[in-house]
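A structural walkthrough
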Amino acid sequence: MNTLNQTSQLSRSNSRNSILESFTDPGRAFWMQWLAGALTSAAFLYGLTHYKMGSFNELYNLVLGLHFIITPVTYLLANAYEVKGGYLKSAIKIGLGWSGLFIIFAFLAFISKSSSTYSREVMLTWFVLGYLGQLIVYFPLKRLQTKAYEAIKAQRRVLIIGEGANNEELIDYFKQNDSETLVGWVSLREPEQATAAQLNRLGNIDKLEDILSTQSIERVYLFLSAKEQAALKPLYLWLMSKQIDLIWMPDLSGLILVNHHSKMLNGSPAFYLNQSPLTTSPTAAMFKSLFDRTVALLGLIALAPLLILVSLIIKLTSKGPVFFKQTRQGWNGKPFSIYKFRSMYLHEDTTVKQATKDDARITPIGRLLRRTSIDELPQLINVIKGEMALVGPRPHAIAHNQQYSNTISTYMMRHKIKPGLTGWAQVNGSRGETDTLEKMETRIKYDLEYINNWSIWFDIEILLKTPYALFKGDAY
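On a predicted model such as this, the values are computed, not experimentally measured, just so you know.

Quick notes on the rules
- Residues numbered from 1 in each chain as written.
- Predicted model: local features only at pLDDT ≥ 70, side-chain atom pairs only at ≥ 80, totals over all residues.
- Heavy atoms only, no water.
- Helix = DSSP H or I, 4+ residues; strand = E, 2+ residues; numbered from the N terminus.
- Polar contact = N/O pair within 3.5 Å; in protein donor to acceptor, adjacent residues only side chain to side chain.
- Contact = heavy atoms within 4.5 Å.
- Axes fitted to C-alpha atoms, helices over the stretch in contact; angles between N-to-C directions.
- Parallel < 35°, antiparallel > 145°, perpendicular 65-115°, else oblique.
- Left-handed = near helix turned anticlockwise from the far one by under 90°.
- Patch = residues over 30% accessible without salt bridge, like charges linked within 9 Å, V, L, I, M, F, W, Y side chains within 5 Å.
- Areas by Shrake-Rupley, 256 points an atom, 1.4 Å probe, with all protein chains shown as cover.
- Salt bridge = Lys/Arg side-chain N within 4 Å of Asp/Glu carboxyl O.
- Buried < 20%, exposed > 50% of the residue type's maximum accessible area, 1.4 Å probe, protein only.
- Nonpolar A, V, L, I, M, F, W, Y, C, P; charged D, E, K, R; others polar.
- Core = buried A, V, L, I, M, F, W, Y, C linked by side-chain atoms within 4.5 Å.

1. Let's talk about the side chain of Gln379
Residue position: Gln379 is located in helix 13 (residues 379-384). At a separation of 2.8 Å, a polar atom in the side chain of Gln379 contacts the side chain of Arg394. When residues no more than four places from it in sequence are discounted, the contact partners of Gln379 are Ile338, Tyr339, Lys340, Met388, Arg394 and Leu421.

Following this line, the structure appears as C-alpha cells:
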C-alpha cells in the first residue's frame, strides 16, 4: 500500500512539474502568451467593426489573417514575452511588436492603394484597445509564469563543493534568496578553521556518492579556491557520469570586478574582468548613442521655451554669463567641457568646493534651478556632441576625481562608460552634496551597479524615474 501511495504521489508530482515547466519553457511560454494576446486583440477588432459598421466586414478578414501571420514575427523580433523579463520591459516590447504590425499594414495599404477601403477610426481605435487588451491578458499570465518559474527553481536541490571559508557568501545567497534549495556543501578535506558555513557542511569528498544519492541532488556548484583547482578535472569527469548539472564558479572573491563576463577563446574560457558593456557589444554602443542623441535633440527642441526663459531670468537677476562651463572627465578619462546654467554669483575659484545647503554663492534663481536640476539641461548639448549620455554616472570635477580615486579603490571604474545627464545613483537618492566618504561610496556603488547591468531598457527605466527623483534627496 505504501508503495502504491508513493507511486501515486510521484505521478502527481511529475504531472505538476510538467505543467509548471510548460509555463517556464521560453518557446512554450511565448506561444501561450502570443495566442492569448492575439485572440484578445482579434476579439476587439471583431467587436469594433460590429459597433461601428453593424457587421464584420469581409475586408477585415484579410487584416485578421495578416495579424495572425505577422505578429509572431514582430513579437519574436521584439523578444516580447521573455520569461525572465520585468512587467514594464515586456509591456514596452509588446508595444514594439504591436506597432510593427501596423507599420507593415500601412506599408501594404500604401503600395496596394487600398487604405481608403478601411476605416481609419476603426484601425486607430483597434491599435489602442488591442494593445490594452493584450496587456490585460498578459499581466495575469506573466504573474502565473513567474510563480511557475520560482516553483520549479525552488524544487531544484543543489550542492556546493568547495572550501567553506570561500563559499560562505554563496551559501548566504541561497539562504537569503528564495531560489534553489541548498542541501549543503562538501569540502575536499577537513576545513582549517571553523566558519559559519560549517552548519551546512555535509562532510568530505569521500562521502560525495552517498550524499548525491540520498539527498537527490540535481545540480552541483563547483566553487573551488586556488589551492583546490588541481581537483577540478577528476571531480568534473566523475560528476559527469552521474548525470547532474554542473556549474563551475572560479574563486574570484578577492577581485573587485566591473561588468565581468566570460566567453570561449580558442576552446578555453576567457574571463573579462573590467570591460565596459558598451565595448563588448558594438551594436549596443551604436544603438545607445543613436538613442541618446535623438532623444536629446527632441528634448532640446521641446524645452526651448523653458531654456530661453531661464536664460533671460539669469541674465536679468545677476551679473555674468548665462552658461557655466567646467572641465570634466568623460569616457575613459577623456576631458570635455560640461555645460550648465550659471546658478552662482561670480566668484574666484581658488579651490573646487561643492555647493552646500545654505551656500551664499548660489543666486535665488540658482537655488531653484539646482534643486530641480534645470541647471543641468544645457548638458543635452553635451549629449548631442557625443561627450555625454542621457544616462550614466554623473561627471565629477577633476579635483574630486583626484581626491576620491586615492580613497575609493573602485572610483575610477565609473569612467568605463560615458557620464550621464541622470543616473542610477541619482534616482536612488544619491544626488547633491557628498560631504562624507560614505555618501560618495554609496554613489559609486550605484554607478558600478548600473555599469554591470546596463541595457537600453535600464536606461528607459531610469529616465522614467528621474522626474520623480527630482523631488527627493538633497541637491543644492
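2. As for the packing of helix 3 (residues 59-77) against helix 5 (residues 120-155)
Where helix 3 meets helix 5, the closest approach of the two axes is 14 Å, and the angle between their N-to-C directions is 45°. With respect to each other, helix 3 and helix 5 are oriented oblique. Crossing angle aside, the handedness with which helix 3 passes helix 5 is right-handed. Residue-level inspection shows Tyr60, Val63, His67 and Tyr75 of helix 3 in contact with helix 5, the latter providing Val122, Met123, Trp126 and Gln134.

3. Description of a nonpolar patch on the surface
Together, Phe107, Phe110 and Ile111 make up a nonpolar patch on the protein surface, roughly 380 Å² of accessible area in all. Mapped onto the elements of the fold, Phe107 is located in helix 4 (residues 87-112).

4. Overview of the pattern of salt bridges
Applying the stated criterion across every chain, the model contains nine salt bridges. A salt bridge links Glu121 to Lys52, with the nearest nitrogen and oxygen atoms 2.6 Å apart. In this pair, Glu121 sits in helix 5 while Lys52 sits in helix 2 (residues 26-53), placing the two residues 69 residues apart along the sequence. A salt bridge links Lys340 to Glu376, with the shortest nitrogen-to-oxygen separation between them at 3.7 Å. A residue pair is termed long-range when its members are at least 10 positions apart, and Lys340 in strand 9 (residues 335-341) and Glu376 in the loop between helix 12 (364-372) and helix 13 qualify at 36 residues. Here Lys340 matches Glu376 in class, with each residue buried. Connected through shared salt-bridge partners, Lys288, Asp292 and Asp459 make up one network.

5. Some words on the packing of helix 4 against helix 17 (residues 456-469)
Interaxial distance between helix 4 and helix 17 falls to 11 Å at its minimum, and their mutual angle equals 110°. When the axis of helix 4 is compared with that of helix 17, the two are roughly perpendicular. Along the contact surface, helix 4 presents Leu88, Lys89, Ile92, Lys93 and Leu96, while helix 17 presents Trp457, Ile460 and Leu464. In the contact of helix 4 with helix 17, the residues fall into six nonpolar, no polar and two charged.

6. Here's the deal with the nonpolar core
Within the largest apolar cluster, 27 residues are counted, with the highest numbers of intra-cluster contacts made by Leu390, Trp424, Tyr450 and Ile462. Ignoring anything within four residues of it in the chain, the contact list for Trp424 reads Tyr446, Glu449, Tyr450, Phe458, Glu461, Ile462 and Lys465. One finds Phe30, Leu48, Phe56 and Val63 within the second-largest nonpolar core, a separate group that totals 26 residues.

7. With respect to the side chain of Asn382
Position of Asn382 relative to the elements: it lies in helix 13. Classification of Asn382 by relative accessible area gives buried; the value is 0%. Of note is the side chain of Asn382, whose polar atom sits 2.9 Å from the backbone oxygen of Ser337.

This is a description of form; function is not addressed.
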